[in-house]
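Spelled out from the first residue to the last, the chains are:
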Amino acid sequence: MSERMAELLEERRVAPSILSADFSRLGEQVDEVLAAGARVIHVDVMDGHFVPPITIGPLVAGSIADRVHAAGGAVDVHLMIEAPERHIEEFARAGADSITFHDEATPHTNRTLGAIRELGCLAGIAINPGTPAESLAELRGHADIALCMTVNPGWGGQAYIEGSADKVRRLAGLIGDAKIEVDGGIDPETAGSVADAGASLFVAGSAIFSDKNPGEAYTRIVAAADAT
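Here is a short report on the structure shown in this document. Model, not experiment: these values are computed from the prediction.

What counts and how
Residues numbered from 1 in each chain as written. Predicted model: local features only at pLDDT ≥ 70, side-chain atom pairs only at ≥ 80, totals over all residues. Heavy atoms only, no water. Buried < 20%, exposed > 50% of the residue type's maximum accessible area, 1.4 Å probe, protein only. Helix = DSSP H or I, 4+ residues; strand = E, 2+ residues; numbered from the N terminus. Pairing = 2+ DSSP bridges. Right-handed = clockwise from strand over helix to strand, strands pointing away. Expected span 1.5 Å × (residues − 1). Bend = angle between axes of the 7 residues up to and from the residue. Contact = heavy atoms within 4.5 Å. Polar contact = N/O pair within 3.5 Å; in protein donor to acceptor, adjacent residues only side chain to side chain.

## Some thoughts on the pairing of strand E7 (residues 179–183)
Looking down a regular strand, the side chains alternate between one sheet face and the other.
And step 1. Along E7, four of the five residues are buried, which leaves the element largely enclosed by surrounding structure.
And step 2. Here five bridges tie strand E6 (residues 145–149) to E7, and the two strands are oriented parallel to one another. Following the sheet pairing, Cys148 is matched in E7 by Val182.
And step 3. Read from E6 through helix H6 (residues 164–172) to E7, the crossover connection turns out right-handed.
And step 4. Pairing analysis gives three bridges linking E7 to strand E8 (residues 201–204), with the strands arranged parallel. Within E8, the residue paired with Asp183 across the bridge is Val203.
And step 5. At this point the chain moves from E7, through helix H7 (residues 191–197), to the parallel E8, and the crossover so formed is right-handed.

Now the structure itself:
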């Protein structure tokens, strides 16, 4: 699992987030962005505690994993939940190729990153807009992905927080070889600045799935980010 994701992340990628998909035709919409070239599908998990909304769990991640893997893609799970260490095994079993959790959600960040790797997934650590980039300095070498939230987590469709590119730039000097992922308000107008700052994985939800043609919306963000 981690080998597939690591290979994909050798190039810049746009990761459509199914948080904004039409769940009555989730498989169809995933197939549409895969056909347009997407190879990383982002799964946002919220528990109603760490963030107010409740979204989806391992059953939904598992329901799309086979079709994503059959297309040569990977499932990128983002846990916005308290005590994420209690749930990583379920998501690994469901077919996750990478699992990212929040630095603010557990005191056991180092241990949890190691446990995710032991499950065969790439391990990611995320920080909220109000958390300093420097908080991840001690995790250099332990995380494969560093996710910089460019909105406050909880809801899709929020406006990108200006100044996020500067934070991405600072993060790039702190986390070693980890890939920098950005999530929130990413669209053709904002992708370029965070790409220039050092991001290489760009999560986009409403900018893709709220469009009448998600495949075309995906390709516009790919072009803006100079991604694959």
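## Let's talk about helix H3 (residues 58–70)
And step 1. Between its terminal C-alpha atoms H3 stretches 19 Å, which fits the 18 Å expected from 13 residues at 1.5 Å a residue.
And step 2. Of all the bends in H3, the largest measures some 35° and sits at Ile64.
And step 3. Ala61, Ile64, Ala65 and Val68 are the residues of H3 that are buried.
And step 4. Where H3 is buried, its residues contact helix H2 (26–35), strand E2 (40–46), strand E3 (74–80) and helix H4 (88–94).

## Focus: the side chain of Thr150
And step 1. Structurally, Thr150 is set in the loop between E6 and H6.
And step 2. A polar side-chain atom of Thr150 sits 2.6 Å from the main-chain carbonyl oxygen of Gly184.
And step 3. Apart from the residues within four sequence positions on either side, Thr150 is in contact with Ala159, Tyr160, Ile161, Ser164, Val182, Asp183, Gly184 and Ile186.

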